[in-house]
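# Fold and contact review
Here's the letter readout for the chains.
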Amino acid sequence: DTAVSQTPKYLVTQMGNDKSIKCEQNLGHDTMYWYKQDSKKFLKIMFSYNNKELIINETVPNRFSPKSPDKAHLNLHINSLELGDSAVYFCASSQDPRPGPGNNEQFFGPGTRLTVL
Amino acid sequence: GNSVTQMEGPVTLSEEAFLTINCTYTATGYPSLFWYVQYPGEGLQLLLKATKADDKGSNKGFEATYRKETTSFHLEKGSVQVSDSAVYFCAGKGLRGGSNYKLTFGKGTLLTVNP
């Protein structure tokens, strides 16, 4: 019954490794997002997809690559992990249309805590 | 710069105290405004929203009124409970420096309510 689910919940890895975080939503939404929350709780959007099409791509290193195989899934792959990538990553979805504005609620997943050693 | 500015925490209150968390925004048009709450160890949840001036959003005893004249959307609750302890985020769409499609968050305010 989980609306937005993410795996894994915790991810501990060494610098330089490549890792992926998966996200799935069963709400039938068209739009999905990835956010990064730092240790001070500051939340910043990274990417957004609408119907598998990339629509928001903030200033994020190109080591981060989102992939949306279908509109219910948005995965995040990170290459060559760095210490500064340690954070909690949240996936979210909403039924906002394009081009917007859309005032619908964004539903968040439980987060993936990434620790890079 | 950040187009949503909210009161820095942490805020510590006793149960049944009155809560205000200030939030102001900068916008060239008419943004939609939101309050999200993050309980410990969880993702964010929408608490309330307002999409036009003078609208009041309310939920679970929390209220916020969209005030265009003061560009504010302050969160209030008359009597807080221990279970309200969480981080509260003010957010907006259609803000200056943002877009109609992107939700821009404030820095979050940690609220701790003691019994």
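Structure first, text after, so check above.
Since we're looking at a predicted model, the values are computed, not measured.

What follows is about the interface of chain A and chain B. One widely used convention gives an interface's size as the accessible area the parts lose upon coming together. Counting residues at the interface gives 29 residues for chain A and 22 residues for chain B. Of the roughly 1,900 Å² buried at the junction of chain A and chain B (both faces included), carbon and sulfur atoms supply 55%. Put simply, chain A and chain B have 2 residue pairs in polar contact (both at pLDDT 80 or more) between them. For the side of chain A that touches chain B, the secondary-structure elements that each account for two or more residues are strand 4 (31-37), strand 5 (43-50) and strand 6 (53-57) of chain A.

This part covers the side chain of D30(A). All names here are of chain A. Within the element layout of this structure, D30 appears in the loop between strand 3 (19-25) and strand 4. Among the polar contacts listed, one links the side chain of D30 to the side chain of K71, at a separation of 2.8 Å. Discounting residues that sit within four places of it in the chain, D30 has contacts with Y49, N50, N51, K71, S94 and Q95.

All names here are of chain B. Taken in spatial order, the 4 strands of this open sheet run 3-9-8-7, and their pairing is antiparallel. Edge strands, defined here as strands with exactly one partner in the open sheet, are strand 3 (19-21) and strand 7 (56-59). Strand-to-strand, the axes of this sheet are offset by a mean angle of 15 degrees, without reference to chain direction. Two strands pair when backbone bridges link them, and strand 8 (residues 62-65) and strand 9 (residues 75-77) are joined in this way by 3 bridges, in the antiparallel orientation. Bridge pairing in strand 9 places E63 opposite E76.

About the criteria used
- Residues numbered from 1 in each chain as written.
- Chains lettered and ligands numbered in written order.
- Predicted model: local features only at pLDDT ≥ 70, side-chain atom pairs only at ≥ 80, totals over all residues.
- Heavy atoms only, no water.
- Contact = heavy atoms within 4.5 Å.
- Buried area = accessible area lost by both parts, 1.4 Å probe.
- Polar contact = N/O pair within 3.5 Å; in protein donor to acceptor, adjacent residues only side chain to side chain.
- Helix = DSSP H or I, 4+ residues; strand = E, 2+ residues; numbered from the N terminus.
- Pairing = 2+ DSSP bridges.
- Axes fitted to C-alpha atoms, helices over the stretch in contact; angles between N-to-C directions.

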